[in-house]
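Examining the three-dimensional arrangement
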Amino acid sequence: MFRRTKSETATTVPAEPQGKPGGKGRPTPSRKEAEAARKAAFKKPRDRKEASAIRRDKVRTERAKMQAAMQTGDDRYLPAADKGPVRRFARDYVDARYSVMEFALPVLLVVSLIGVVFSPQFPWLAGMVNLLFLFMILLIAADWFLLTSGLKKQVRIKFPKESTKGIAFYAVRRTMQMRRWRLPKPMVKRGEKPS
């Protein structure tokens, strides 16, 4: 009476495959496995010596990641002061241009050495050194103004919703370093348009 006929068994719908489409692709861990993994992550060291060793290893690996990021420009491991697309754009903007500030320190050092060494023999040289110092300071001020105003304008165009607070000082600080010693390393060539 309640038996199935052969025709009914032949038309049964095939079983759906296990798991949902778009699922995680692995079985859910058992409660025991999940608790063991959680305990392993929060395992406390036995004594202070072991805790300091673990802390040193963690700091060492973080520092290694940060040093590698300084060379490659990887935004994930950069220091907080260098993170973000606006800071990246500011670095590229500075690295793509020639700057008076970049060469000011070596020039002023050479000029002051010449003034100290040769001013006793040539008294008029002291006046020339002072004039050159004044000229370099005026050039640095003009370069500073052009850099910060141009950068802020470009950032407002490219990142209209981002804040420009501190970006000018960040760019000036980077400009004061010679190109080969800048960290993070320059990613654009001189004259290349920053992206």
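What this report covers is the structure whose coordinates are included nearby. (Residues numbered from 1 in each chain as written. Predicted model: local features only at pLDDT ≥ 70, side-chain atom pairs only at ≥ 80, totals over all residues. Heavy atoms only, no water.)

**Brief notes about the nonpolar core**
The nonpolar side chains of soluble globular proteins are, as a tendency, buried together. Counted only if it meets this: Only buried Ala, Val, Leu, Ile, Met, Phe, Trp, Tyr and Cys residues count toward a nonpolar core, and they belong to the same one when joined by side-chain atoms within 4.5 Å. Between buried and exposed lies partly exposed: a residue is buried under 20% and exposed over 50% of the maximum accessible area for its type, with that area taken using a 1.4 Å probe on protein chains only. By definition, any uninterrupted DSSP run of H or I lasting at least four residues is a helix, any uninterrupted run of E lasting at least two residues is a strand, and each is numbered from the N terminus. Residue contacts follow a heavy-atom distance rule, with two residues in contact if any of their heavy atoms lie within 4.5 Å.
Ranked by internal contacts, the top residues of the largest apolar core, which has 18 residues, are Leu 147, Leu 151 and Val 155. Mapped onto this core, the elements with two or more residues apiece are helix H4 (85-95), helix H5 (100-118), helix H6 (124-158) and helix H7 (167-175). Beyond its immediate sequence surroundings of up to four residues, Leu 151 is in contact with Phe 89, Ala 90, Tyr 93, Ile 167 and Ala 171.

**So, the side chain of Glu 102**
Our working rule: The definition of a polar contact used here is a pair of N or O atoms within 3.5 Å, where within protein one atom must be able to donate a hydrogen and the other to accept one, and adjacent residues in sequence count solely through side-chain atom pairs.
Along the chain, Glu 102 falls in helix H5. Classification of Glu 102 by relative accessible area gives buried; the value is 2%. Of the polar contacts made by the side chain of Glu 102, one reaches the backbone nitrogen of Arg 179; its length is 3.4 Å. A distance of 3.3 Å separates polar atoms of two side chains, one belonging to Glu 102 and the other to Arg 182.

**With respect to the packing of aromatic side chains**
Let me state the cut-off plainly: What counts as a ring pair is set by centres within 6.5 Å for rings of Phe, Tyr and Trp (its six-membered ring), and what kind of pair is set by the plane angle: stacked under 30 degrees, edge-to-face over 60, tilted for all other angles. Only when the NZ atom of a Lys or the CZ atom of an Arg is both within 6 Å of the ring centre and within 35 degrees of the ring normal do we say a charge sits over the ring.
In this structure the tally under the stated criterion is three aromatic pairs. Ring plane angle 35° and centroid distance 6.3 Å describe the contact between Phe 89 and Tyr 93, whose orientation is recorded as tilted. Of this pair, Phe 89 and Tyr 93 both sit in helix H4, separated by four residues, roughly a single helical turn. You'll find Phe 89 and Tyr 93 in the same group, each marked buried. Sitting over the ring of Tyr 170, Arg 87 keeps its end group 4.7 Å from the ring centre.

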